[in-house]
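Examination of the molecular architecture
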Amino acid sequence: MTQTHDDYLFERYQHKIKRENKIVGVWQLIILIGFFGMWETAGRLYWIDPLLFSTPSQVASVIAQKVVDGSLIHHLEVTVLETVLGFILGTIIGIILATLLWSSVRLSRIMDPFLVIANAMPKVALGPIIIVAMGPGYTSIITMGVIVSVIITTIVVYSGFKEVDPNYVKVLQGFGATRWQCFKEAIFPATLPTMISCLKVNVGLSWVGIVVGEFLVSKKGLGYLIIYGFQVFDFTLVMSSLFLIAIFAAAMYKIVEKLEGKLIKHTS
Amino acid sequence: MSLLTLEHVSHHYFTNNSYTKALDDVSFSINAGEFVALLGPSGCGKTTILSIIAGIIQQTAGDVLLNNEPAHRSKIKIGYMLQQDYLFPWKTIMDNVLIGPKITDTITEKTKHSARQLLNEVGLADVEEAYPDSLSGGMRQRVALVRTLITNPKMLLLDEPFSALDYLTKLKLENLVSHLLKTYRKTAMLVTHDIGEAISMSDRIFVMDAEPGRLAKTFEVPIELRNETPFLVRRHPKYQKLFDAVWDELNKHEPENPKEGKVVDNDADT
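Residues numbered from 1 in each chain as written. Chains lettered and ligands numbered in written order. Predicted model: local features only at pLDDT ≥ 70, side-chain atom pairs only at ≥ 80, totals over all residues.

**Re the overall build of chain B**
- Secondary structure assignment for chain B yields 11 helices and 10 strands.
- Against the compact-globule benchmark of 18 Å for 270 residues, chain B has a radius of gyration of 20 Å, which places it among compact chains.
- Expressed as lengths along the three principal axes of its C-alpha atoms, the size of chain B is roughly 75 × 45 × 40 Å.
- Counting all 270 residues of chain B, 41% fall into the buried class.
- Put simply, of all contacts in chain B between residues at least 6 apart along the chain, 71% involve residues at least 24 apart. (Helix = DSSP H or I, 4+ residues; strand = E, 2+ residues; numbered from the N terminus. Rg over C-alpha atoms; globule rule 2.2 N^0.38 Å. Buried ≥ 20, exposed ≤ 12 C-beta atoms within 10 Å, placed from the backbone. Contact = placed C-beta atoms within 7 Å.)

Quick look at the structure:
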């Protein structure tokens, strides 16, 4: 008797959760459809100039046409590959630099003011120099993606290393652990959640670096399509590229979130 | 024969514009197999003493000898147990227990076997593959105990290992630790705030004075109490007498007392 009543309460709880999820989902859908609907209507009725702001239907037909003639896939491939590389390299190099800083208190003290300056610098402003130095190709663009995310990763991960509860290190030192063993067994794994949130931030940052890099190099990729569309006044092309960037940036973010769920299961 | 000897050990903590003297000329020795408790007000340097013995920090003056050898050259293993368990949340219980052997690169089938045996002994069979977040506070502290014992240390340093636990769990763990240490003939030093815990577990009690930390007085626990389990010690007639004596001694060193006295004097002046 009580069992069935408990079951009933649980069912009601589950039902409530499901209902809440449904409401949230419906509203998200309404906003999405409403946004594109308003955009389309506003464009068709000339509330906004369709020449400047295009319309969703035009964007869709441009994307469809470019998918069919195969040119889009190429640009997309280039940009996504550059972004993924820039993002991974930026994070890895950042973590390596943070590790170096952690390995020597003196080094971190020496480097501190330079890191502050490097962090405050608008990295995209280095674009022209990078392109002159490394040539107008993939290397320059990927370097842009790296440079935008690497310094902030270094700083955030390094402060994550420093915030690890010193008692974990004490436990290991009690067993006679070396500094490197303390790093491997305690500091690094304890900072994994910080690194994952760095990855999330870096998804956005590396897109900035790559798109600006493609603006400057202007050969291939979605950034090139945007700058080309701008120059020939084809704003449907600009909007299409933006739309694709939004989709792929969101997809990358979701992948990182999945990774987070896989890597971080036990944190307390 | 004394296993551990501290000779005129002092320790300073330095900051940019000041320093504090945490320990001032502390000397004592502990025999092999002995259980000693350190009692004292907070800030009297109890934890500093343990950290120095464990070799985690280096004293600013004096010598620490293990078996009459300087501690840093000695091969005698020391186990350190902290107030909280500090199990690594991302490692399974088994990996947590085996962290000591992993550090010294001595994991063998034999250590794994004895880890399982020890876990059994503390009543934790079947949790080897679990993660710490699924265990209760008492269970986690028992895992920490096994982690400390697995490297087979000659001496154990216990830094308030029961203070974060509820009373029932604490009493049970006191019995367990006391039993295990007697069975394996370990030498131990326990830091605690709890007079009852100190009396019920140890052979000798060092009462410390604060700012700077000094040894104030040593109490011998009567032989009748030493062989009882901690739980039964608390019911022994001689327990209360020793408790009162230690209580009075501790009160003498309570830093608030002289200050309160001064406040009263000032009031009298006005």
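Structure's up, so let's keep going.
**Quick look at the overall build of chain A**
- A count of helical and extended segments in chain A gives 11 helices and 0 strands.
- When its C-alpha atoms are laid out on the principal axes, chain A stretches across 75 × 75 × 30 Å.

**Details of the interface of chain B and chain A**
- Taken together, the contacts link 15 residues of chain B with 17 residues of chain A.
- The leading source of residues in the side of chain B that touches chain A is helix α3 (residues 99-103) of chain B, at 3 residues.
- Partitioned by chemical class, the residues of the side of chain B that touches chain A number 11 nonpolar, 3 polar and 1 charged. (Nonpolar A, V, L, I, M, F, W, Y, C, P; charged D, E, K, R; others polar.)

**Digging into the sheet that holds strand β5 (residues 69-70) of chain B**
All names here are of chain B.
- The antiparallel open sheet is built from 4 strands, whose spatial order is β2-β1-β4-β5. Because the sheet does not close on itself, it has two edges, and the strands there are β2 (19-31) and β5.
- Across 2 bridges, the pairing between strand β4 (residues 61-66) and β5 is antiparallel. Along β5, the bridge assignment pairs Leu65 with Pro70. (Pairing = 2+ DSSP bridges.)

**Some details on the pairing of β4 of chain B**
All names here are of chain B.
- Note that strand β1 (residues 2-14) and β4 share 5 bridges and pair antiparallel. Directly across from Glu7, in β4, lies its bridge partner Asp63.
- Between β4 and β5, which follow one another and run antiparallel, lie 2 residues, and Asn67 among them has a positive phi close to 50 degrees.

**Brief notes about the nonpolar core**
- Residues Leu157 and Ile199 of chain B are the most contacted members of the largest nonpolar core, which totals 122 residues.
- Among the elements that line this core, the one with the most residues is helix α9 (residues 179-217) of chain A, at 14 residues.
- Apart from residues no more than four positions distant in its own chain, Ile199 of chain B is found in contact with Ile205, Val221, Leu225, Val233, Tyr239, Leu242, Phe243 and Val246 of chain B. (Core = buried A, V, L, I, M, F, W, Y, C linked by C-beta atoms within 7 Å.)

**Focus on the sheet that holds strand β6 (residues 78-81) of chain B**
All names here are of chain B.
- Taken together, 6 strands build an open sheet; the order of strands is β6-β7-β8-β3-β9-β10 and the sheet is mixed. At either margin of the open sheet sits one strand with a lone partner, and together these are β6 and β10 (214-220). Between one strand and the next, the sheet's axes are offset by a mean angle of 20 degrees, whatever the strand orientation.
- Pairing geometry for β6 and strand β7 (residues 155-159), over 4 bridges, is parallel. Counted as the bridge partner of Met81 is Leu158 from β7.
- Here helix α1 (residues 46-54) sits on the sheet in contact with β3 (35-39), β6, β7, β8 (187-192) and β9 (204-209), set at roughly 150 degrees to β7.
- Packing against the sheet, helix α5 (residues 137-149) makes contact with β6 and β7, and its axis sits at approximately 165 degrees to β6. (Axes fitted to C-alpha atoms, helices over the stretch in contact; angles between N-to-C directions.)

**Examining the packing of helix α7 (residues 138-163) of chain A against α9 of chain A**
All names here are of chain A.
- At a minimum axis separation of 7 Å, α7 and α9 run at an interaxial angle of 155 degrees. Judged by the angle between their axes, α7 and α9 are roughly antiparallel. The handedness of the crossing between α7 and α9 is right-handed.
- A breakdown of the residues in the contact of α7 with α9 according to their chemical character gives 15 nonpolar, 11 polar and 1 charged. (Parallel < 35°, antiparallel > 145°, perpendicular 65-115°, else oblique. Left-handed = near helix turned anticlockwise from the far one by under 90°.)

**Focus: helix α6 (residues 167-183) of chain B**
- Over its 17 residues, α6 of chain B extends 24 Å from the first C-alpha to the last, a length consistent with the 24 Å expected when each residue adds 1.5 Å.
- Where α6 of chain B terminates, the next one or two residues include Arg185 of chain B, which has phi positive at roughly 50 degrees. (Expected span 1.5 Å × (residues − 1).)

**Section: the pairing of β2 of chain B**
Residues and elements named next belong to chain B.
- Examined bridge by bridge, β1 and β2 share 9 bridges and lie antiparallel to one another. Residue Thr5 lies in a different strand from β2, and its bridge partner there is Ser29.
- Taking the residues between adjacent antiparallel strands as the criterion, β1 and β2 are bridged by 4 residues.

**What to know about the packing of helix α6 (residues 127-134) of chain A against α9 of chain A**
Residues and elements named next belong to chain A.
- Two elements in contact, α6 and α9, have axes separated by 10 Å at closest approach and are oriented at 60 degrees. Handedness of the crossing formed by α6 with α9: right-handed. Between α6, through Gly127, Pro128 and Ile131, and α9, the contact on the second element is made entirely by Val212, Gly213, Leu216 and Val217.
- Its residues placed into classes, the contact of α6 with α9 shows 5 nonpolar, 2 polar and no charged.

**Quick notes on α5 of chain B**
Residues and elements named next belong to chain B.
- With 13 residues, α5 extends 18 Å between its outermost C-alpha atoms, agreeing within 8% with the 18 Å of an ideal straight helix rising 1.5 Å per residue.
- With respect to burial, α5 is a largely interior element, 12 of its 13 residues being buried.
- Every buried residue of α5 is listed here: Gly138, Met139, Arg140, Gln141, Arg142, Val143, Ala144, Leu145, Val146, Arg147, Thr148 and Leu149.
- Next to the buried residues of α5 lie β6, α2 (93-97), α3, α4 (109-121), β7 and α6.

**Focus on unusual backbone geometry**
All names here are of chain B.
- Non-glycine residue Tyr86 carries a positive phi angle of around 45 degrees.
- In this model, Asn152 sits at a positive phi of 55 degrees, which is unusual for a non-glycine residue.
- Accessibility expressed as a C-beta count within 10 Å gives 13 for Asn152, which makes it partly exposed.

**Description of the environment of Tyr168 of chain A**
- Positionally, Tyr168 of chain A belongs in helix α8 (residues 166-174).
- Residue Tyr168 of chain A is classed as buried on the basis of its 20 C-beta neighbours within 10 Å.
- Between the alpha carbons of Tyr168 of chain A and His75 of chain A there is a distance of 48 Å; along the sequence they are 93 residues apart.
- Leave out the neighbours within four places in its chain, and Tyr168 of chain A touches Ala186 and Ala190 of chain A together with Tyr86 and Phe88 of chain B.

**Digging into the environment of Phe35 of chain A**
Residues and elements named next belong to chain A.
- Position of Phe35 relative to the elements: it lies in helix α1 (residues 2-44).
- Look at Phe35 and you get exposed, because 11 C-beta atoms sit within 10 Å.
- Once the C-alpha coordinates of Phe35 and Ala251 are considered, the two residues, 216 residues apart in sequence, prove to be 20 Å apart.

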